[in-house]
Amino acid sequence: MNEPVVIIGGGIIGASVAYNLASLYSLRNSIVLEKSRLGSGSTSGSLGGFRHQFSNETAIKLTIESVKILDQFEAAFGYDPLVRRDGYSFIASEENSLAQLKKNLELTKRLGINVEFLKKGELQWRFPFYSFEGIIGGTLCMADGHASTLAVLQGYVSKSKTLGVKFYENTEVIGISVEDGEVTAVVTAESRIETSKVLIAAGAFSGVVGKLAGANIPIKPYPRKILVTHAFSSSIPSEIPLIIDVDSTLAIGREGNGMILADNEPTDSSFELSFPANYDDRVISKAVKRVPSLANASVAYSDIGLYEMTPDSNPIVSEIEGIEGLYCCSGFAGHGFMHAPAIGRIMAELIVERKTHIDISEYDLGRFGSEKAQNSERLII
Ligand SMILES: Cc1cc2nc3c(=O)[nH]c(=O)nc-3n(C[C@H](O)[C@H](O)[C@H](O)COP(=O)(O)OP(=O)(O)OC[C@H]3O[C@@H](n4cnc5c(N)ncnc54)[C@H](O)[C@@H]3O)c2cc1C
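On a predicted model such as this, the values are computed, not experimentally measured, just so you know.

Peer 1: How would you summarise the overall build of the chain if you had to cite specific residues and measurements?
Peer 2: The helix and strand inventory of the chain stands at ten helices and 19 strands. For the chain, the C-alpha radius of gyration of 21 Å lies close to 21 Å, the compact-globule estimate for 381 residues. Its C-alpha atoms give the chain principal-axis dimensions of about 65 × 40 × 40 Å. Out of the 381 residues belonging to the chain, those deemed buried represent 48%.

Quick look at the structure:
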């Protein structure tokens, strides 16, 4: 293949795919076009969390493979991704939510990852700083944790550049030419790049970019905000799991010496990073009920960005049927960082070999609008 693969979007996904195309298949002339700065989209909002607890089996496999790559990342890329396994704990107050958590636990354990089930009393004993009033139980996976999104992004970008990949910032794609059902070129304000392979990795903008080629990619943007407190004096250990109440959607965890607080109550789809006027107060008051010492904390800043959502909350990793040479790799909701290492390899395989080493057929675009039962991911945080 002499023509370049053109990747639209310079976030963690686009960078990982570019690296894998160059390193696995020697496609060193790939081009990444980014309308702003590399990593400035949803990737800039990512807290670097990774978890193995999902209701979707493929998602668990993607985390397992991605974490293996993160564990070897410094040796391969020269950047320490600062992996720490501080755990994720999902807790529930409703019986049906707890039943779902137990199902997820069984699935995760079947794939070889240890997850504990904790009754309310055990949760309280393990995490005394948190009030589990009304909670009936939960799960804890200490293989889950956090890493540095920016270190991983930088690793992929730097290594790709040394292999020959070109990254163009401040370069917006404004057109995708399709002739006789085949991609022929990508158009920016300054240039037209002839190519027969184009990957849409434009995060929350993937639906908009798809329209440039006449493709219907059902990805919508949802604004997301996470409050981060200043360091404050309390008896909360310096390392705690991210604790997510699946019924109230409240998530509380550590960020450096401060704490992160968020909820994920339904919002309208929008590209505007605006939030209800009462968002901060709502989250803080929920959080103080659970962790009373948070009453002494103050918010230092908030981490905001867009979640890129599909109708079933699973991503689209797919060729676009009807447009030869057009692909989409997007719609990762809150999981794009943790799945980027494995997905980069899988997407490269799909582009070059049309087959992948992990079956991702359920992430095919064709699932929407077909009779196929949609297996929605149930754990979105
Ligand atoms: C607040 C927040 C916290 C999160 N925390 C986590 C976490 O802990 N763990 C986790 O795994 N995930 C997390 N995520 C999700 C994760 O950040 C995303 O899933 C991931 O970054 C998506 O990467 P991407 O490359 O697909 O998209 P993006 O990073 O959005 O990259 C797409 C790029 O495409 C560019 N683009 C768009 N249109 C065009 C165009 N026409 N031409 C050229 N370029 C274009 C955009 O400018 C953008 O830079 C979080 C997200 C948010 C918002």
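Read on for the rest.
Peer 1: Before we move on, can you summarise the packing of helix H1 (residues 12-25) against helix H10 (residues 336-353) with the specific residues and values?
Peer 2: Following both chains from N to C, one finds H1 and H10 inclined at 45 degrees, their axes separated by 8 Å at the closest point. Between H1 and H10, the interaxial angle falls into the category oblique. Both H1 and H10 take part in a crossing whose hand is right-handed. Contact with H1, carried on its side by Ile12, Ile13, Ser16, Val17, Tyr19, Asn20, Leu21, Leu24 and Tyr25, involves Gly336, Phe337, Ala340, Pro341, Ile343, Gly344, Arg345, Met347, Ala348, Ile351 and Val352 of H10 and no other residues of that element. When its residues are assigned to classes, the contact of H1 with H10 shows 15 nonpolar, four polar and one charged.

Peer 1: Describe the site of the ligand, listing the residues and the values that go with them.
Peer 2: The ligand sits among 41 residues. The nearest are Gly11, Gly41, Gly203, Gly305 and Gly336. Put simply, the parts of the chain that give the shell around the ligand at least two residues each are H1, helix H2 (42-45), strand S13 (220-229), strand S17 (299-309) and H10. At four residues, the largest contribution of residues to the shell around the ligand is made by S17. Its residues assigned to classes, the shell around the ligand comprises 17 nonpolar, 19 polar and five charged. If you count residues domain by domain, the shell around the ligand takes at least three from each of domain 1 (5-51 + 149-218 + 311-367) and domain 2 (84-143 + 221-309).

Peer 1: Outline the environment of Ala231, supporting the account with residue identities and numerical values.
Peer 2: Inspection of the secondary structure puts Ala231 in the loop between S13 and strand S14 (242-245). Sequence separation between Ala231 and Ala300 is 69 residues, and the spatial gap between their C-alpha atoms is 8.8 Å.

Peer 1: I'd like to hear about the sheet that holds strand S10 (residues 182-188), residue by residue, with values.
Peer 2: The sheet built from three strands is open, its strands ordered S9-S10-S11 with antiparallel pairing. The two strands at the open ends of the sheet, each matched to only one other strand, are strand S9 (173-179) and strand S11 (192-194). Each adjacent strand pair in this sheet contributes to an overall mean axis angle of 25 degrees, direction not counted. Both S9 and S10 contribute to a ladder of six bridges, which runs antiparallel. Paired with Ser177 across the bridge in S10 is Ala185.

Peer 1: Outline the sheet that holds strand S18 (residues 316-319), listing residues and values.
Peer 2: The strand order across the open sheet built from six strands is S8-S2-S1-S12-S19-S18, with neighbouring strands paired in mixed fashion. Of all the strands in the sheet, the pair left with one neighbour each is strand S8 (166-168) and S18. Sheet twist, expressed as the average angle between the axes of neighbouring strands with direction ignored, equals 15 degrees. Two strands pair when backbone bridges link them, and strand S12 (residues 197-200) and strand S19 (residues 326-330) are joined in this way by three bridges, in the parallel orientation. Within the sheet, the bridge partner assigned to Leu199 lies in S19 and is Tyr327.

Peer 1: Please give an account of unusual backbone geometry that cites residues and values.
Peer 2: Although it is not a glycine, Asp180 sits at a positive phi angle of roughly 50 degrees. Relative to the assigned elements, Asp180 resides in the loop between S9 and S10. Residue Asp180 is classed as exposed on the basis of its 6 C-beta neighbours within 10 Å. The residue Ser313 is not glycine, and still its phi comes out positive at about 65 degrees. One can find Ser313 in the loop between S17 and S18. Given 22 C-beta atoms within 10 Å, Ser313 falls into the buried group.

Peer 1: Describe the nonpolar core, listing the residues and the values that go with them.
Peer 2: The biggest cluster of nonpolar side chains holds 73 residues, and the ones touching the most others in it are Ile8, Val17, Leu199, Ile200, Cys329 and Met347. With ten residues, the single largest contributor to this core is H10. Counting contributing residues per domain, this core is built from domain 1 (5-51 + 149-218 + 311-367) and domain 2 (84-143 + 221-309), each supplying no fewer than three. In this structure Ile8 touches Leu33, Val173, Val198, Leu199, Ile200, Ala201, Ala202 and Val209, once residues within four positions along its chain are discounted. In this structure, Cys141, Met259, Ala262 and Leu294 belong to the second largest nonpolar core, which totals 34 residues.

Peer 1: Outline the domain arrangement of the chain, listing residues and values.
Peer 2: You can read the domains of the chain as domain 1 (5-51 + 149-218 + 311-367) and domain 2 (84-143 + 221-309). Relative placement of domain 1 and domain 2: their C-alpha centres are 30 Å apart. Each partner contributes to the interface: domain 1 provides 15 residues, whereas domain 2 provides 14 residues. Looking at the side of domain 1 that touches domain 2 element by element, the count peaks at three residues for H2. Split into classes, the residues belonging to the side of domain 1 that touches domain 2 amount to four nonpolar, ten polar and one charged.

Peer 1: How would you explain the pairing of S13 if you had to name every residue and give the values?
Peer 2: Of all ten residues in S13, eight are buried, a share of seventy percent or more. Looking at chain direction, S13 and S17 are connected through ten bridges and run antiparallel. Looking across to S17, one finds that Pro221 is bridged to Glu308. Sheet topology places S13 next to strand S16 (residues 258-262); two bridges connect them, and they run antiparallel. Looking across to S16, one finds that Val228 is bridged to Ile260.

Criteria and thresholds
- Residues numbered from 1 in each chain as written.
- Predicted model: local features only at pLDDT ≥ 70, side-chain atom pairs only at ≥ 80, totals over all residues.
- Helix = DSSP H or I, 4+ residues; strand = E, 2+ residues; numbered from the N terminus.
- Rg over C-alpha atoms; globule rule 2.2 N^0.38 Å.
- Buried ≥ 20, exposed ≤ 12 C-beta atoms within 10 Å, placed from the backbone.
- Axes fitted to C-alpha atoms, helices over the stretch in contact; angles between N-to-C directions.
- Parallel < 35°, antiparallel > 145°, perpendicular 65-115°, else oblique.
- Left-handed = near helix turned anticlockwise from the far one by under 90°.
- Contact = placed C-beta atoms within 7 Å.
- Nonpolar A, V, L, I, M, F, W, Y, C, P; charged D, E, K, R; others polar.
- Near = placed C-beta within 6 Å.
- Domains from an automatic or database assignment.
- Pairing = 2+ DSSP bridges.
- Core = buried A, V, L, I, M, F, W, Y, C linked by C-beta atoms within 7 Å.

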